[in-house]
Amino acid sequence: MNRYDHYSLLGHNTFRMPVSCACFIEYDSADELAQLDFDALPQPVRHIGEGSNLLFTGDFPGTLLHARMTALKYVDMGLDEVPVVAGAGLRWDRFVEETCRHGLWGAENLSLIPGEVGAAAVQNIGAYGVEIKDILSGVVCYDTQTRKKCKFSVGECGYGYRESLFKETAGRYIVTSVLFRLQRKPAPKLGYKGLENLQPSSPADVREAVIRIRREKLPDPADLGSAGSFFKNPVMDALSFARIAEAFPEVPHFILPGGFIKVPAAWMIDRCGFKGVREGGAEVYEKQPLVIVNASGSATPEDVLRLEQRIIDGVRERFGVTLHPEVEHI
Ligand SMILES: Cc1cc2nc3c(=O)[nH]c(=O)nc-3n(C[C@H](O)[C@H](O)[C@H](O)COP(=O)(O)OP(=O)(O)OC[C@H]3O[C@@H](n4cnc5c(N)ncnc54)[C@H](O)[C@@H]3O)c2cc1C
């Protein structure tokens, strides 16, 4: 275990905000985590992964924990379904790459999503028609309230769209490892635009196609700081949608169960003319207006917050809809 005081977080958030925390602790096992005296640490105590869904709005006054468990184990019993266990600190895309290399189906559509395995289970990450909940069998945690290890079956994790029990309980559970069930028999999911014409002979073929599509429209955190999609897509009732559709008949939309309607936030932001708009070093990404990027490399939290507010105000004025951030402000 390593502990650092007054630690720079520049390398721990993909937005590359120049902020620090009072205390940063990296641990190597669930047992080490259980030995920590949480009450004696600078408060509040939070856990982070790669910081790819976070906006630090300033220096963090408390303690940030980070897992370094990166093991990946296959429990191969010669059956079609192969149980796989991954440490919470393993890079998510490393997990996908390795399981694809083993010829196992399940994670390939989730290629190239930044972050770590533990956070992926917290976030219920999703892309190209697959969510992580579809390939999970359980999540192993440390309960900071009871100070005990515990395990949740996938049904107990409360998964919804980017939602989970772990998000709802605001840091109570720290994910230490994640159990997956992957398939040996071909099980491609090709319903998503751009994948329909693929005839993959292996999960690696799908992974390659997904990576190609993602690289065309999303910034690579290694080159350009961002936290991915900044806003959630708004969901509205039929009356609110009708008001928008009357003024903008071309509005793209998806009908959800219960008669609610989802409208892409990217379309609204684009319609307000925000592509390429800047506040200080923060900019609305030209190729995908749902993403705010650290265009100058030296954007501050204040720049991002000003741009966020400008977008929220602009969309509300034009469409009467309030956008909410998907990126967690911390
Ligand atoms: C360019 C880009 C593209 C992206 N594309 C997608 C996409 O296609 N689909 C998608 O779903 N997301 C996407 N994201 C968002 C992001 O990658 C995911 O939300 C990812 O799972 C966050 O992982 P992380 O390790 O960076 O977690 P962090 O951002 O560090 O943390 C996220 C949350 O998880 C909690 N947390 C972290 N680790 C643990 C742990 N071990 N135990 C308990 N809680 C923990 C944190 O407290 C926080 O609440 C994208 C982001 C970027 C920058």
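Residues numbered from 1 in each chain as written. Predicted model: local features only at pLDDT ≥ 70, side-chain atom pairs only at ≥ 80, totals over all residues. Heavy atoms only, no water.

Participant: Explanation requested: the layout of surface pockets in the structure shown.
Facilitator: The probe, sized like a water molecule, is rolled over the atoms to show the empty space still left. One number sums up the size of the second largest pocket: a volume of about 160 Å³. If you go around the second largest pocket, the residues you meet are Phe38, Val45, Arg46, His47, Leu65, Thr144, Arg147, Ala170, Gly171 and Ile174. Broken down by element, the residue count for the lining of the second largest pocket peaks at 3 residues, all from strand β3 (residues 45-48). When its residues are assigned to classes, the lining of the second largest pocket shows 5 nonpolar, 3 polar and 2 charged. (1 Å grid on protein atoms, 1.4 Å probe; cavity = no way out; pocket = protein on both sides within 12 Å on 5 of 7 lines; lining within 4 Å. Points joined across faces, edges and corners; volume = space filled by probe spheres on them. Helix = DSSP H or I, 4+ residues; strand = E, 2+ residues; numbered from the N terminus. Nonpolar A, V, L, I, M, F, W, Y, C, P; charged D, E, K, R; others polar.)

Participant: Would you mind going over the site of the ligand with me for this structure?
Facilitator: With respect to spatial proximity, 31 residues lie near the ligand, and among them His47, Gly49, Ser52, Asn53 and Glu328 are the closest. The separation between an oxygen atom of the ligand and a polar side-chain atom of Arg162 is 3.2 Å. Contact distances for the ligand include 2.8 Å between a nitrogen atom and a backbone N or O atom of Val175. Surface burial for the ligand is 93%, taken as the share of its 990 Å² of free accessible area covered by protein chains. Only β3, α3 (117-123), β8 (126-127), β12 (173-183) and β13 (225-229) provide two or more residues apiece to the shell around the ligand. Among the elements that take part in the shell around the ligand, α3 stands out by supplying 4 residues, more than any other. A per-class count over the shell around the ligand returns 14 nonpolar, 11 polar and 6 charged. (Near = heavy atom within 4 Å. Polar contact = N/O pair within 3.5 Å; in protein donor to acceptor, adjacent residues only side chain to side chain. Areas by Shrake-Rupley, 256 points an atom, 1.4 Å probe, with all protein chains shown as cover.)

Participant: Hey, could you run me through the sheet that holds strand β2 (residues 20-27) in this one?
Facilitator: Reading across from one edge, β1-β2-β5-β3 is the order of the 4 strands in this open sheet, with mixed pairing throughout. The sheet is open, and its two edges are formed by β1 (2-8) and β3, each paired on a single side. Strand after strand, the sheet turns through a mean of 30 degrees between neighbouring axes, direction not considered. The pairing of β2 with strand β5 (residues 60-67) spans 6 bridges and is parallel. Across the sheet, residue Cys23 finds its bridge partner in β5, namely Thr63. (Pairing = 2+ DSSP bridges. Axes fitted to C-alpha atoms, helices over the stretch in contact; angles between N-to-C directions.)

Participant: Got a minute to help me understand helix α5 (residues 203-217) in this structure?
Facilitator: Residue pairs three or four apart in sequence face the same way in an α-helix, which turns once every 3.6 residues. In this model α5 runs 22 Å from its N-terminal to its C-terminal C-alpha over 15 residues, within 8% of the 21 Å that 1.5 Å per residue would give. Among the residues of α5, Pro203, Val206, Arg207, Ala209, Val210, Ile211, Ile213 and Arg214 are the ones counted as buried. Looking at the buried residues of α5, the elements they touch are α2 (92-101) and β8. (Expected span 1.5 Å × (residues − 1). Buried < 20%, exposed > 50% of the residue type's maximum accessible area, 1.4 Å probe, protein only. Contact = heavy atoms within 4.5 Å.)

Participant: I keep staring at the pattern of salt bridges and nothing clicks. Help me out?
Facilitator: Opposite charge on two side chains allows them to pair when their charged atoms are near. Going through the model one piece at a time under the given rule, you end up with 22 salt bridges. Between Glu250 and Arg271 there is a salt bridge, with its nearest N and O atoms 2.6 Å apart. Taken together, the residues span a long stretch of sequence, with Glu250 in the loop between α6 (238-247) and β15 (254-255) and Arg271 in helix α7 (residues 265-271) at a distance of 21 residues. The partly exposed category is assigned to Arg271, whose relative accessible area is 35%. Counted as one network, the salt bridges with shared partners bring together Glu131, Lys133, Asp134, Arg162 and Glu326. (Salt bridge = Lys/Arg side-chain N within 4 Å of Asp/Glu carboxyl O.)

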